[in-house]
Amino acid sequence: MKGILGKKLGMSQVFLNNGQLVPVTIIEVQPNVVSQVKTNVKDKYSSLQLATFDLRVTLSNKPTIGHFKKADSQPKRFVKEIRNMNGFNHKDLINVADVFTAGEFVDVQGTSKGKGFTGRIKRHNQSRGPMGHGSGLHRQMGSTGSINANRVFKSQPMPGQMGNVKRSVANLEVIKVDKENNYLLVKGSVPGPKQGFLVIKQAVKKPILKTPVSLVVRNQNTTTEVTDGQ
């Protein structure tokens, strides 16, 4: 398993050399520091704790400052563990090009946009009632259970908080890896708002490597093709 932490910047689109338009999500991946290494002997499982995006010291407490001081790093805003990730040591800096290449498939995990308190129609995509002929049931709740049971069953679709939960999107193709600017372009959309933190991992269900696509890059004077996807 391999992975890295990043931040969603937004969506854009790129063109392939055959004229096909591909929607992509731009993910900023600053160098990740390995702030802790966990092993099977000491912690009963193996993982790497990655951290990225600097946090001001005034917003950190003493335990956090001491933890990152062991890694010779400034306190970070986003810290996550990736299990069964090997090949790096404590205090190492991991760049996006060290982990992923164009043509790979990844699973992206993030926190979805919060929609606040919503009803059953918006939250669970239920149908509304009749809008005319004297009906008093438009967007209100209908029956919540049978008469015989005389109670509301568990997992009944009800109004409540919508969004702001952890969600994952699987099998997204890596279109391009920008080594110089530390950007990652993945095909399609990912969970969360702009500036939302993301965990990008190696795809579990599709661990194959695809031939990198050829992108059309338009400059001011000439038009060139990028064939290696990087």
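Residues numbered from 1 in each chain as written. Predicted model: local features only at pLDDT ≥ 70, side-chain atom pairs only at ≥ 80, totals over all residues. Heavy atoms only, no water.

Stated formally: UniProt positions are given in the numbering used here, feature names are shortened, and annotations may be inferred rather than shown by experiment.
As annotated in an unreviewed UniProt entry, the protein carries the name Large ribosomal subunit protein uL3 and comes from Spiroplasma ixodetis. Taken directly from UniProt, the Function (unreviewed entry) text for the protein runs: "One of the primary rRNA binding proteins, it binds directly near the 3'-end of the 23S rRNA, where it nucleates assembly of the 50S subunit." What UniProt states about the protein under its Sequence similarities (unreviewed entry) heading is, verbatim, "Belongs to the universal ribosomal protein uL3 family."

1. What about the pattern of salt bridges?
Quick note on the threshold: Throughout this description, the term salt bridge denotes a Lys or Arg side-chain nitrogen within 4 Å of a carboxyl oxygen of Asp or Glu. Starting at the N terminus, helices and strands are each numbered in turn, a helix being any DSSP run of H or I of at least four residues and a strand any DSSP run of E of at least two.
According to the stated counting rule, one finds four salt bridges in the structure shown. Note that Glu 81 and Lys 38 form a salt bridge whose closest N and O atoms lie 2.7 Å from each other. Placement of the pair is Glu 81 in strand 5 (residues 76-83) and Lys 38 in strand 3 (residues 32-38), with a sequence separation of 43 residues. Asp 72 is the salt-bridge partner of Lys 91, the closest N and O atoms lying 3.3 Å from each other.

2. Some remarks on the nonpolar core
For clarity, the threshold we go by: We define the nonpolar core as a collection of buried residues of types Ala, Val, Leu, Ile, Met, Phe, Trp, Tyr and Cys that are connected through side-chain atoms lying within 4.5 Å of one another. Any residue under 20% of the maximum accessible area for its type is buried, any over 50% is exposed, and the rest in between are partly exposed; the area is computed with a 1.4 Å probe on protein chains only. Any two residues having at least one pair of non-hydrogen atoms within 4.5 Å are treated as being in contact.
Core analysis: the biggest nonpolar cluster contains 25 residues, and Ile 4, Leu 50, Val 106, Leu 184 and Ile 200 have the highest contact counts within it. In contact with Val 106, other than residues within four places in its own chain, are Phe 100, Val 169, Ala 170, Asn 171, Leu 172, Val 174, Val 186, Ile 200, Lys 201, Gln 202 and Ala 203. Judged by nonpolar contacts, the second largest core, of eight residues, contains Val 14, Leu 16, Leu 185 and Val 213.

3. Observations regarding the packing of aromatic side chains
The following threshold applies: Pairing of aromatic rings covers Phe, Tyr and the six-membered ring of Trp, with a centre-to-centre limit of 6.5 Å; geometry is then stacked below 30 degrees between planes, edge-to-face above 60, and tilted otherwise.
Counted according to the given criterion, the structure contains two aromatic pairs. With 5.6 Å between their ring centres and 45 degrees between their planes, Phe 53 and Phe 197 make a pair best called tilted. Separated by 144 residues along the polypeptide, Phe 53 in strand 4 (residues 47-54) and Phe 197 in strand 12 (residues 197-202) bring together distant segments of the chain. Arranged with centres 4.7 Å apart and planes meeting at 10 degrees, the rings of Phe 78 and Phe 197 form a pair that is stacked.

4. Some details on the sheet that holds strand 4
Quick note on the threshold: In this analysis, strands are considered paired if DSSP registers two or more bridges between them. Between N-to-C directions, angles span 0 to 180 degrees; the directions come from axes that are lines fitted to C-alpha atoms, helices contributing only their stretch in contact.
Spatially, four strands are ordered 5-4-3-6 in an open sheet, and the strand pairing comes out antiparallel. The open sheet terminates on both sides in strands that have one partner only, identified here as strand 5 and strand 6 (93-94). When strand 4 meets strand 5, the two strands line up antiparallel, connected through seven bridges. Directly across from Ala 51, in strand 5, lies its bridge partner Val 79. Relative to strand 3, helix 2 (residues 62-69) is tilted by about 95 degrees, and along the sheet it contacts strand 3, strand 4 and strand 5.

5. Brief notes about the sheet that holds strand 2 (residues 21-28)
Taken in spatial order, the six strands line up as 1-2-11-10-7-12 and close into a barrel, and their pairing is antiparallel. Shown here is a sheet whose adjacent strand axes are inclined to one another by a mean of 50 degrees, direction ignored. As paired elements, strand 1 (residues 3-15) and strand 2 share eight bridges and run antiparallel to each other. Across the sheet, residue Lys 8 finds its bridge partner in strand 2, namely Ile 27.

6. Describing the side chain of Asp 107
Stated formally: Under the counting rule used here, the positive set is Lys and Arg, the negative set is Asp and Glu, and His together with the chain ends is not counted. Definition of a polar contact: a pair of N or O atoms within 3.5 Å, with one able to donate and the other able to accept a hydrogen when the atoms are protein atoms, and with sequence-neighbouring residues admitted only if both atoms are side-chain atoms.
Secondary-structure assignment places Asp 107 in strand 7 (residues 105-111). Buried within the structure, Asp 107 lacks any salt-bridge partner; Lys 205 is the closest side chain of opposite charge, at an N-O distance of 7.8 Å. Here Val 204 takes part through its backbone nitrogen, which lies 3.2 Å from a polar atom of the side chain of Asp 107. Dropping the residues within four chain positions of it, Asp 107 is found in contact with Val 169, Ala 170, Asn 171, Val 199, Ile 200, Lys 201, Gln 202, Ala 203 and Val 204.

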